[in-house]
Amino acid sequence: RRKAGYALLGWRESKKLMPVGMLRGRLVHVALKAHFTGTNYEEGLKQEYLKVINELPEATTPEDKRTIEENLAKALKEAKELTDRYVEVYAKDIKAITVEEEIVVEYSKDVELVGTPDIVGALGGRLTIIDFKTSVSPDLRALDMSGQIDYYAHLYKLVKGIAVQSICYEVITP
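Everything numeric in this text was worked out from a predicted model, so none of it was measured. (Residues numbered from 1 in each chain as written. Predicted model: local features only at pLDDT ≥ 70, side-chain atom pairs only at ≥ 80, totals over all residues. Heavy atoms only, no water.)

Participant: I would appreciate a short explanation of the sheet that holds strand β7 (residues 166-171) in the present structure.
Facilitator: One key point about sheets: their strands pair by backbone hydrogen bonds, in either a parallel or an antiparallel sense. Read across the open sheet, the four strands follow the order β2-β5-β6-β7; overall the sheet is mixed. The sheet terminates laterally at β2 (94-99) and β7, the two strands that pair on one side only. On average, each strand axis in the sheet is inclined to that of its neighbour by 35°, with strand direction left out of account. Relative to strand β5 (residues 119-123), β2 is paired through five bridges, and the arrangement is antiparallel. Residue pairing in the sheet places Val 99 in a bridge with Ile 119 of β5. Lying on the sheet, helix α5 (residues 148-160) is in contact with β5, β6 (126-133) and β7; it crosses β6 at an angle near 140°. (Pairing = 2+ DSSP bridges. Helix = DSSP H or I, 4+ residues; strand = E, 2+ residues; numbered from the N terminus. Axes fitted to C-alpha atoms, helices over the stretch in contact; angles between N-to-C directions. Contact = heavy atoms within 4.5 Å.)

If you want it as structure tokens, here you go:
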């Protein structure tokens, strides 16, 4: 059985030196998932930090490991600052229904359509799909044209039978 969806089409996180921006984005997503599921996001950040360290290949050189640890420490600090700011200013407006819940539609006997929106919830009283973007300078036009969040909305309607009323990219940058 094949699966098709945005996260499954080829982008994979590099395990080599893990740039700060990539790590920061991963950590912000972890922290916001923890926040919106009612758990302590600082604890979630610490656990993800340890997970990254434990996932390092045994063949990682001491120099590369030191670089990754430095990048991770910087990313952790930035992720905490970004999450604190987002939670303090914006998160209170969102009432999450689901957080990073996979939506699966059986397209045919051999293919499933799969998507995982960051949040499906109420924003301004409207059923909204929210996708967090943590790039330092996201290309908003490219995001708008990508169809990613529209794809999630379509899958949601197919599975739940409810039309999403709005879609929203939440850009969280340093």
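Participant: Would you explain the packing of aromatic side chains in this entry?
Facilitator: Inspection of every chain in the model, using the stated rule, returns four aromatic pairs. With a centroid separation of 5.5 Å and an interplanar angle of 85°, the aromatic rings of Tyr 86 and Phe 132 are classed as edge-to-face. Placement of the pair is Tyr 86 in helix α3 (residues 62-89) and Phe 132 in strand β6, with a sequence separation of 46 residues. With respect to class, Tyr 86 is no different from Phe 132; both count as buried. Look at Tyr 151 and Tyr 152: their rings are 6.2 Å apart centre to centre, the planes differ by 50°, and that puts the pair in the tilted class. What makes Tyr 152 buried here is its relative accessible area of 5%. Put simply, the rings of Phe 36, Tyr 86, Tyr 90 and Phe 132 pair up and form one aromatic cluster. (Phe/Tyr/Trp six-rings, centres within 6.5 Å; stacked < 30°, edge-to-face > 60°. Buried < 20%, exposed > 50% of the residue type's maximum accessible area, 1.4 Å probe, protein only.)

Participant: Looking at this model, I keep getting lost on the nonpolar core. Mind explaining?
Facilitator: Across soluble globular proteins, nonpolar side chains have a tendency to be buried as a group. Counting residues in hydrophobic clusters, the biggest one holds 26 residues, and the most contacted among them are Leu 32, Phe 36, Tyr 86, Phe 132 and Ile 172. Counting residues per element, the ones that place at least two in this core are α1 (20-36), α2 (41-55), α3, β2 and β6. The biggest single contributor to this core is α1, with eight residues. (Core = buried A, V, L, I, M, F, W, Y, C linked by side-chain atoms within 4.5 Å.)

Participant: Explanation requested: the pattern of salt bridges in the structure shown.
Facilitator: Pairing is possible between side chains that carry opposite charge, provided their charged atoms lie close to one another. One pass over the full model with this rule turns up eight salt bridges. A salt bridge links Glu 81 to Lys 77, with the nearest nitrogen and oxygen atoms 2.9 Å apart. Taken together, the residues Glu 81 and Lys 77, both in helix α3 and four residues apart, mark about one turn of the helix. A single salt-bridge network, built from bridges that share partners, covers Arg 26, Glu 48 and Glu 55. (Salt bridge = Lys/Arg side-chain N within 4 Å of Asp/Glu carboxyl O.)

Participant: What exactly am I supposed to notice about the environment of Tyr 90 here?
Facilitator: Inspection of the secondary structure assignment puts Tyr 90 in the loop between α3 and β2. The partly exposed category is assigned to Tyr 90, whose relative accessible area is 44%. Sequence separation of Tyr 90 and Glu 170 is 80 residues, and the distance between their C-alpha atoms is 9.6 Å.

Participant: What is the right way to look at unusual backbone geometry in this model?
Facilitator: Glycine aside, negative phi is the norm for most residues, and most peptide bonds take the trans geometry. Positive phi outside glycine occurs at Glu 100, with the angle close to 45°. Residue position: Glu 100 is located in the loop between β2 and β3 (103-106). On the basis of relative accessible area, Glu 100 is assigned to the partly exposed category, the value being 29%.

Participant: What's the story with α2 in this structure? I'm lost.
Facilitator: With 15 residues, α2 extends 21 Å between its outermost C-alpha atoms, agreeing within 8% with the 21 Å of an ideal straight helix rising 1.5 Å per residue. On its buried side, α2 packs onto α1 and α3. Capping of α2 at its N-terminal end is provided by Asn 40; its side-chain oxygen lies 2.8 Å from the backbone amide nitrogen of Glu 42. (Expected span 1.5 Å × (residues − 1). Polar contact = N/O pair within 3.5 Å; in protein donor to acceptor, adjacent residues only side chain to side chain.)

Purely geometric stuff here, so don't read any function into it on its own.
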